[in-house]
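# Topology and contacts: notes
So you can see what is in the structure, the chains are spelled out below.
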Amino acid sequence: MKLAVWDPGEPFRRWRDALMQHAGELGLAVEVVDATAEPDAQADFALVWKPPADWLAGQLGLRAVFNLGAGVDAVLPAMHACAPDVPLLRLEDAGMGRQMADYVAEAVLHAYRRMPEYAAQQARQQWAALPLPARGGFHVGFLGLGQMGLAAARRVAAMDFPVLACTRSGARRDGVDPDWPLVSLERLDEFLAACRVLVVLLPLTRHTAGLLDWRALQQLPRGAYLVSAGRGAVIDEHDLLELLGDGHLAGATLDVFAREPLPADDALWRHPRVRITPHVAAPTLVGPAAAQVMRGIAAIERGDAPGGRVDPALGY
Ligand code: GLV
């Protein structure tokens, strides 16, 4: 069978070598082609990161498309338009959860240990100890509790911070601690009001785009800290800047933005209480991702359902 990889951000040979190795271990005979170099080659399975719609439209025999990342917002519109009946699968953790947990844990500790204020004091050469907030009252709220959110929430809970969460449905699933308060998006305001740190790890869908505007962010208690590492367009960045400016928000650690790369003239770059990273919280790891994709292909070959199937109606 033929696999086509579309991922301009990664040297093709890394994908090919990893896929061939895992195919061999599973006893599958595969040929792997670089779709960016051979766009006309017809494949049985496509492995993609942000592929152009016209390339997808030209792939006439696809049995499944594997998204080489957790979020599918960049590929779903092309799938709708060009391959509506082809199953779309996304990576399920594949080593990204631990990276996300690291990223979020660092940001939570940064906020808890009052590092934004110490940075301001350092700029004034000011030597002054600030009291620590009571840990038991320092609630960390997770907006979105998918693979990434759950991995990060568990880490933060293991650091003895009280965790709460808000998800689309509010339904509990495996791995969610029964002690964590969990509500649906209908109770977003109430959830936000309880967060000292808000960690945003929602997928970008038509329901979440612009969800955190001025009105919603205003529900956070004064002095709350924001961590955003899912998709930038969930947050209205203009409103965010306003709330940082008037001190309602103490600071923010931002990994994702409505426009990436973040334009050089964007005021977020220069805000003294904003830390910016270039969408690196949880990059795809080629080895674990290739292993998961090959296991998915093996499942399809056996007639089983592979994990990570995207529901196009929900958008994730
Ligand atoms: C990264 O943003 C991903 O969706 O995996």
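So, here's what we can say about the structure. Every value quoted in this text rests on a predicted model; they were computed, and no experiment measured them.

### Quick look at the site of the ligand
Around the ligand, the structure places W49, G69, A70, G71, M96, R231 and H279. Contacts to the ligand include A70, whose backbone N or O atom sits 2.7 Å from an oxygen atom. Within the side chain of R231, an N or O atom sits 2.7 Å from an oxygen atom of the ligand. Expressed as a share of its isolated accessible area of 190 Å², the protein-covered part of the ligand is 87%. Of the residues belonging to the shell around the ligand, the class tally is three nonpolar, three polar and one charged.

### A closer look at the nonpolar core
Core analysis: the biggest nonpolar cluster contains 59 residues, and L19 and F142 have the highest contact counts within it. With nine residues, helix α4 (residues 96-112) is the largest single contributor of residues to this core. Residues lining this core come from more than one domain, with at least three contributed by each of domain 1 (2-94 + 284-302) and domain 2 (97-276). Setting aside residues no more than four positions away along its own chain, F142 makes contact with V104, G149, A152, A153, V156, V163, L164, A165, C166, F191 and V199. Formed by 29 residues, the second largest nonpolar core is a distinct cluster that contains I235, L243, L268 and V274.

### A closer look at empty space enclosed by the protein
Going through the model one piece at a time under the given rule, you end up with one cavity of 30 Å³ or more. If you go around the largest cavity, the residues you meet are S228, G232, I235, E237, L240, L254, V256 and F257. By residue class, the composition of the lining of the largest cavity is five nonpolar, two polar and one charged.

### Some details on the packing of aromatic side chains
The full count for this structure, using the stated rule, is five aromatic pairs. Centre to centre, the rings of Y112 and F138 are 5.0 Å apart; their planes meet at 70°, and the pair counts as edge-to-face. With Y112 in helix α4 and F138 in the loop between α5 (115-123) and β6 (140-143), this pair connects stretches of sequence that are 26 residues apart. In this pair, the class of Y112 matches that of F138, namely buried. With 5.0 Å between their ring centres and 75° between their planes, Y112 and F161 make a pair best called edge-to-face. Taken together, the residues span a long stretch of sequence, with Y112 in helix α4 and F161 in the loop between α6 (147-158) and β7 (163-167) at a distance of 49 residues. Here the two residues Y112 and F161 agree in accessibility, since each one is buried. One aromatic cluster is present, formed by Y112, F138 and F161 through successive ring pairs. Geometry around F161 places R135 over its ring, the cationic atom sitting 4.3 Å from the centre.

What counts, and where the lines are drawn
Residues numbered from 1 in each chain as written. Predicted model: local features only at pLDDT ≥ 70, side-chain atom pairs only at ≥ 80, totals over all residues. Heavy atoms only, no water. Near = heavy atom within 4 Å. Polar contact = N/O pair within 3.5 Å; in protein donor to acceptor, adjacent residues only side chain to side chain. Areas by Shrake-Rupley, 256 points an atom, 1.4 Å probe, with all protein chains shown as cover. Nonpolar A, V, L, I, M, F, W, Y, C, P; charged D, E, K, R; others polar. Core = buried A, V, L, I, M, F, W, Y, C linked by side-chain atoms within 4.5 Å. Buried < 20%, exposed > 50% of the residue type's maximum accessible area, 1.4 Å probe, protein only. Helix = DSSP H or I, 4+ residues; strand = E, 2+ residues; numbered from the N terminus. Domains from an automatic or database assignment. Contact = heavy atoms within 4.5 Å. 1 Å grid on protein atoms, 1.4 Å probe; cavity = no way out; pocket = protein on both sides within 12 Å on 5 of 7 lines; lining within 4 Å. Points joined across faces, edges and corners; volume = space filled by probe spheres on them. Phe/Tyr/Trp six-rings, centres within 6.5 Å; stacked < 30°, edge-to-face > 60°. Lys NZ or Arg CZ within 6 Å of the ring centre and 35° of its normal.

Purely geometric stuff here, so don't read any function into it on its own.
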